[in-house]
Amino acid sequence: MRIFLILLFLATTPTAQAADTCHADVPCPLGDRSYHVKEPDDWDGVTPLPVLLHFHGWQRQGTLVVNHGRISGATRRRGVLLLAPNGRRKSWDFWSPDTDDVDFAAAVIEDAAKRYPIDRSRIYVSGYSFGGAMAWRFVCERGNDIAALFAVSGSIRQDETCPQAPHEVRHVHGLSDRVMDFPMGPGGDTTYPVALWRREFDCHGAGPASQWRATSDDLFTRTEWTDCAGGARVTLDLHRRGHFIPKGWIARQLDEVLGRAPSYP
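Since the model is a prediction, treat every value here as computed from it, not as a measurement.

Colleague: Explain the pairing of strand E2 (residues 33–38) here, please?
Modeller: The side chains of a regular strand alternate, first on one face of the sheet and then on the other. Across the six residues that make up E2, a large majority, six, are buried. Here E2 shows no split at all, with Arg33, Tyr35 and Val37 on one side and Ser34, His36 and Lys38 on the other all buried. Here three bridges tie strand E1 (residues 28–30) to E2, and the two strands are oriented antiparallel to one another. Residue pairing across strands places Pro29 opposite Ser34, the latter belonging to E2. In textbook terms, the turn of a hairpin is the stretch between consecutive antiparallel strands, and for E1 and E2 this stretch comprises two residues, one of which, Gly31, has a positive phi near 60°. Relative to strand E4 (residues 81–85), E2 runs antiparallel, the two being bridged by four bridges. The residue bridging His36 from the neighbouring strand is Ala84, located in E4.

Colleague: Explain the nonpolar core here, please?
Modeller: Inside soluble globular proteins, nonpolar side chains tend to come together where they are buried. In this structure, Leu53, Phe55, Leu83, Phe138, Trp197 and Phe201 are the most contacted members of the largest nonpolar core, which totals 53 residues. At eight residues, the largest contribution of residues to this core is made by helix H6 (residues 130–142). Here Phe55 is in contact with Pro85, Trp92, Ala105, Val125, Ser126, Gly127, Tyr128, Gly131, Met134, Ala135 and Phe138, once residues within four sequence places are set aside.

Colleague: What's the story with the environment of Leu52 in this structure? I'm lost.
Modeller: Note on placement: Leu52 falls in strand E3 (residues 49–55). Here Leu52 falls in the buried class, since its relative accessible area comes to 0%. Note: C-alpha distance between Leu52 and Tyr124 (72 residues apart in sequence) is 4.8 Å. Not counting chain neighbours up to four residues away, the residues in contact with Leu52 comprise Ile71, Thr75, Val80, Leu81, Leu82, Leu83, Tyr124, Val125, Ser126, Phe150 and Ile250.

Colleague: Looking at this model, I keep getting lost on helix H8 (residues 249–257). Mind explaining?
Modeller: Each α-helix turn comprises 3.6 residues. Residues three or four places apart therefore point the same way. The element H8 is largely enclosed, with a buried count of seven among its nine residues. Among the residues of H8, Trp249, Ile250, Ala251, Arg252, Gln253, Leu254 and Asp255 are the ones counted as buried. Positioned one or two residues after H8, Gly259 has a phi angle of 75°, which is positive.

Colleague: Sorry, what's going on with the pairing of strand E7 (residues 168–174) here?
Modeller: Taking burial as the measure, the seven residues of E7 include seven buried ones, the bulk of the element. Burial of E7 is two-sided: the residues Glu168, Arg170, Val172 and Gly174 facing one way and the residues Val169, His171 and His173 facing the other way are all buried. Summarising the sheet, E7 and strand E10 (residues 233–239) pair through seven bridges and their orientation is parallel. Bridging from a neighbouring strand, Gly174 pairs with His239 of E10.

Colleague: In this structure, what is going on with the packing of aromatic side chains? I would like to understand it.
Modeller: The description of an aromatic ring pair uses the distance of the two centres, along with the angle that the planes make with each other. Evaluated as defined, the whole model comprises 10 aromatic pairs. Among the aromatic residues, ring-to-ring pairing joins Phe55, Trp92 and Phe138 into one connected group. Lying across the ring of Phe104, Arg33 places its NZ or CZ 3.8 Å from the centre.

Colleague: I tried to follow unusual backbone geometry on my own but got confused; where do I start?
Modeller: Most peptide bonds adopt trans geometry, and most residues besides glycine take a negative phi value. The peptide bond linking Tyr264 to Pro265 adopts the cis configuration, its omega dihedral lying at 5°. Structurally, Pro265 is set in the segment after H8. In this structure, Ala24 is a non-glycine residue whose phi angle is positive, near 55°. On the secondary structure map, Ala24 appears in the loop between helix H2 (14–21) and E1. With a phi angle near 60°, Lys90 is a residue other than glycine that sits in the positive phi range. With respect to the helices, strands and loops of the structure, Lys90 is situated in the loop between E4 and helix H5 (100–115).

Colleague: What should I look at first to understand the state of the cysteines in this one?
Modeller: Under the definition given, this model contains three disulfides. Each disulfide pairs two cysteine sulfurs, and for Cys22 the partner residue is Cys28, the sulfurs being separated by 1.9 Å. One quick way to see it: the torsion about the S-S bond of Cys22 and Cys28 is about 85°, and its sign makes the bridge right-handed. What makes Cys22 buried here is its relative accessible area of 1%. Through a disulfide, Cys140 is tied to Cys162; the S-S separation comes to 2.2 Å.

Rules used in this analysis
- Residues take numbers from 1 onward in each chain, read along the sequence in its written order.
- Reporting in this predicted model follows two pLDDT cut-offs: at least 70 for local features of residues, and 80 or more for side-chain atom pairs to be given and counted; totals over whole chains, interfaces and linings ignore these cut-offs and use all residues.
- No hydrogens and no water enter the side-chain calculation; it runs on all heavy atoms of the structure.
- Under the scheme applied here, a residue whose accessible area is under 20% of the maximum for its type counts as buried, over 50% as exposed, and between as partly exposed, the area being computed with a 1.4 Å probe on protein chains only.
- Each helix is a run of DSSP H or I of at least 4 residues and each strand a run of E of at least 2, with the numbering of both proceeding from the N terminus.
- Any two strands are treated as partners once DSSP identifies two or more bridges connecting them.
- Nonpolar cores were defined as sets of buried Ala, Val, Leu, Ile, Met, Phe, Trp, Tyr and Cys residues, with membership established by side-chain atoms within 4.5 Å.
- Every residue pair with non-hydrogen atoms within 4.5 Å of one another is taken to be in contact.
- Two aromatic rings from Phe, Tyr or Trp, using only the six-membered ring of Trp, form a pair when their centres are within 6.5 Å; if the ring planes differ by under 30 degrees the pair is stacked, by over 60 it is edge-to-face, and anything between is tilted.
- We call a charge positioned above a ring when the Lys NZ or Arg CZ atom is no farther than 6 Å from the ring centre and deviates by at most 35 degrees from the ring normal.
- Any two cysteine sulfur atoms lying within 2.5 Å of each other are counted as a disulfide.

This is the structure we're talking about:
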């Protein structure tokens, strides 16, 4: 009887339910759509998890995200639950506020919360390329409860007005990007990629630029705006290369917002 009760308990825990229904390459069904989930290494099955909701790039799916060393490799080593929604026709509708993808992504978070204990104060939203633009769109429409945006090489129009906003924004873009072209501002202003958020947060002067690198491959020039309304913060990292997810970039952002010493991978 005791063994039976133990097995019954394990079968009804969030961890067991998630493993039985969906995990990694096996998608979690959600209405007529789906998403993928990847737990962090060494999770005890009880502690509430920070969450990274990451939108895949064009013609990709969540299976790539949960197996990607620069995304999943970062979350699983840092105690973060990774959620990877699947876009319709392997893409995202981020062009205007009138998109079902925002509601779908919000539903992904809520469905994951039924499967795992999540830390609502530490929900981060990320994306690459078209997925980066979708991440911008999501936090523009549903960002009030989002701790931070980590966007890679993709955004929405900088002249838009957002009804909501995350508490913090971090964006990385390559100066030689020719896929989602680097959004150069008037007069060659290289800080224009985050003009929308600087305006929304009523940010004032930026601090002095600094440089950092996670590996020998890319040197990042960082500009930060910390004098913003309500304690908001905007960070822009630029590199000289093109359209890709830089090694160690997502990992570095997670380390910084989670209060960890930066490490690689």
